[in-house]
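# Summary of the model geometry
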Amino acid sequence: MSETMQQLQETVDFIHGLVSKEASIGIILGSGLGNLSNDIVSEKEISYNDIPHFPVSTVEGHKGRLIFGELGGKKVWVMAGRFHYYEGYTPQQVAYPVRVMRLLGVKTLLLSNAAGGVNKDFKIGDLMVINDHISLFTRNPLLGKNEDKLGTRFPDMSEPYSKALISKVQKIAKDNHIELKQGVYTGVTGPTFETRAEYKLIHILGGDAVGMSTVQETIAAIHSGMQVFAMSVITDIGIREEENTITHEEVLQAAKDAEPKLTLLFTELVRSL
Ligand code: HPA
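Since the structure is predicted, the reported quantities are computational estimates derived from the model, not experimental observations. Sequence order as written defines the numbering, with residues in each chain counted from 1. Two thresholds apply to this predicted model, a pLDDT of at least 70 for residue-level local features and 80 or more for giving and counting side-chain atom pairs, whereas whole-chain, interface and lining totals are computed over all residues. For the side-chain quantities, the full set of heavy atoms in the structure was used; hydrogens and water were omitted.

### Considerations on the overall build of the protein
A run of DSSP states H or I qualifies as a helix once it reaches four residues; a run of E qualifies as a strand once it reaches two. Both are numbered from the N-terminal end. Broken down by element type, the protein carries 6 helices and 9 strands. C-alpha atoms define the radius of gyration in this analysis, and the globule rule sets the expected value at 2.2 Å times the number of residues to the power 0.38. Relative to its length of 273 residues, the protein is compact, with a C-alpha radius of gyration of 17 Å against a globular reference of 19 Å. Its C-alpha atoms put the protein at 55 × 40 × 35 Å along the principal axes. Expressed as a percentage of the 273 residues in the protein, the buried residues total 56%. Each residue gets one of three labels from its accessible area relative to the maximum for its type: buried under 20%, exposed over 50%, partly exposed in between, using a 1.4 Å probe on protein chains only.

Next up, the structure:
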């Protein structure tokens, strides 16, 4: 067995020692979007610090807990707080919890993030369904020897974000009078926000939003055969002509303001699965 598979097995055995029930849905909550965890009827919460081989989250706005509980009438695994490449973790470490979820039985992964808008039609507070991504300068988490037990060497990426899940969410949004944008998420390393020229470049390349997470998790999820749904909260607009400074505090505040809508969509999506 490879070292990675051995570590994954130890992590999964540890978690199984605390939680014997199964869940087929996993959720990873982004910056400023951790409150969804309050809506979960929690059965077990495990601090990342206590989980063998788990990295420890450092960024403000993250709670750093793996939660098992019920949302929308379904059992779910929830990561309140994720690991980012900019924190110094390897892409494999960023993807590690996704692989853990897969081995715990998760088949559908829901991701949220805070992102900068590079589509001129977007405004702060918009919700954007991610229909595709561009991995720009972020390292692929599958680099290195392939873990054949998890998935194939050359995974197809023609539909990383499940069209069926996107349709479900569009219907839920319509029924609840929530406006949704849709577009391409561009993954960057951070931790700097982009320069004006970089926002412009991302726009020209076909990105609608830009952020520092999600892409590596999605790649690991697709590799191991999961279906993925992901949504961005647009927390700042990078493409404006006027004065355009961005702070992490503004990003967190905008995410917080949009959070109730996102929570409703995720809860109802889970209910519909
Ligand atoms: N750029 C990159 N990451 C982000 C941004 C941004 O403008 N906003 C929130 N996360």
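Having seen it, we continue.
### Describing the nonpolar core
Here, the term nonpolar core denotes a set of buried Ala, Val, Leu, Ile, Met, Phe, Trp, Tyr and Cys residues that are joined through side-chain atoms within 4.5 Å. Ile 27, Trp 77, Phe 229 and Met 231 are the most contacted members of the largest nonpolar core, which has 77 residues in total. Contacts are assigned to residue pairs that have any heavy atoms within 4.5 Å of one another. Among residues more than four places away in sequence, those in contact with Met 231 are Leu 111, Ser 112, Asn 113, Leu 127, Met 128, Val 129, Ile 130, Val 169, Leu 180, Leu 262, Leu 265 and Phe 266.

### Things to note about the site of the ligand
In the vicinity of the ligand, the residues found are Ala 114, Ala 115, Gly 116, Phe 193, Glu 194, Tyr 199, Val 210, Gly 211, Met 212, Thr 235, Asp 236 and Val 251. Between the ligand and the protein, one listed contact pairs a nitrogen atom with a backbone N or O atom of Gly 116 at 3.3 Å. Side-chain polar atom of Asp 236 to an oxygen atom of the ligand: 2.6 Å apart, as the coordinates give it. In the complex, 96% of the free accessible area of the ligand, which totals 260 Å², lies under the protein chains. Among the elements of the structure, β5 (108-117), β8 (209-211) and β9 (227-237) are those that each provide at least two residues to the shell around the ligand. We call a residue near a molecule or strand as soon as one heavy atom of that residue lies within 4 Å of the molecule or strand. Distance and chemistry together define a polar contact, namely a pair of N or O atoms within 3.5 Å, with one atom able to donate a hydrogen and the other to accept it when in protein, and with adjacent residues in sequence counting only for side-chain atoms on both sides. A 1.4 Å probe and the Shrake-Rupley method give the accessible areas. Residues count as covered only by the protein chains that appear here.

### Here we look at the packing of aromatic side chains
Ring geometry is summarised as follows: Phe, Tyr and Trp rings, the Trp one being its six-membered ring, pair when their centres sit within 6.5 Å, and such pairs are stacked at plane angles under 30 degrees, edge-to-face over 60 and tilted between the two. Applying the stated criterion across every chain yields a total of 7 aromatic pairs. Considering the side-chain rings of Phe 54 and Tyr 96, the 6.3 Å spacing of their centres and the 80° angle between planes classify their relative orientation as edge-to-face. In this pair, Phe 54 sits in the loop between β2 (41-47) and β3 (65-71) while Tyr 96 sits in helix α2 (residues 91-103), placing the two residues 42 residues apart along the sequence. For the pair Phe 54 and Tyr 96, a shared accessibility class is recorded, and that class is buried. By way of ring pairs, the aromatic residues Tyr 48, Phe 54, Phe 83, Tyr 89 and Tyr 96 are connected into one cluster.

### Some remarks on the side chain of Asp 208
By the element assignment, Asp 208 lies in the loop between α4 (196-205) and β8. Buried and without a salt bridge, Asp 208 has Lys 181 as its closest oppositely charged side chain, separated by 11 Å. Here Asn 119 takes part through its side chain, which lies 2.9 Å from a polar atom of the side chain of Asp 208. With residues up to four places along the chain from it excluded, the contact list for Asp 208 reads Gly 116, Gly 117, Val 118, Asn 119, Phe 122, Met 128, Gln 182, Gly 183 and Val 184. In this tally, Lys and Arg are treated as positive and Asp and Glu as negative; His is ignored, and so are the chain termini. The term salt bridge refers to a side-chain nitrogen of Lys or Arg lying within 4 Å of a carboxyl oxygen of Asp or Glu.

### So, the pattern of salt bridges
Overall, the coordinates contain 12 salt bridges when judged by the stated rule. Of the charged contacts, one joins Glu 43 and Lys 75 as a salt bridge, the two residues approaching to 2.7 Å between their closest N and O atoms. Of the two residues, Glu 43 is situated in strand β2 and Lys 75 in strand β4 (residues 74-80); the sequence distance between them amounts to 32 residues. Look at Glu 43 and you get partly exposed, because its relative accessible area is 37%.

### A word on the environment of Tyr 85
Position of Tyr 85 relative to the elements: it lies in the loop between β4 and α2. Along the chain, Tyr 85 and Gly 73 lie 12 residues apart, while their C-alpha atoms are 33 Å from each other. Non-local contacts of Tyr 85, meaning those with residues more than four positions away in its chain, are made with Thr 90, Pro 91, Val 94, Arg 139, Thr 189 and Gln 216.

### Concerning helix α1 (residues 3-18)
To estimate how far a helix should reach, multiply one less than its number of residues by 1.5 Å. The end-to-end C-alpha distance of α1 is 23 Å, a good match for the 22 Å that 16 residues give at a rise of 1.5 Å each. Among the residues of α1, Met 5, Leu 8, Thr 11, Val 12 and Ile 15 are the ones counted as buried. Summarising the axial view, the buried residues of α1 lie within an arc of 125°, below the 170-degree limit, and thus occupy one face. Projecting away from the buried face of α1 at angles above 90 degrees are the exposed residues Glu 3 and Gly 17. Those residues of α1 hidden inside the fold are in contact with β2, β3, β4 and α2. Note that the arc is defined by the directions from the helix axis to the C-beta atoms.

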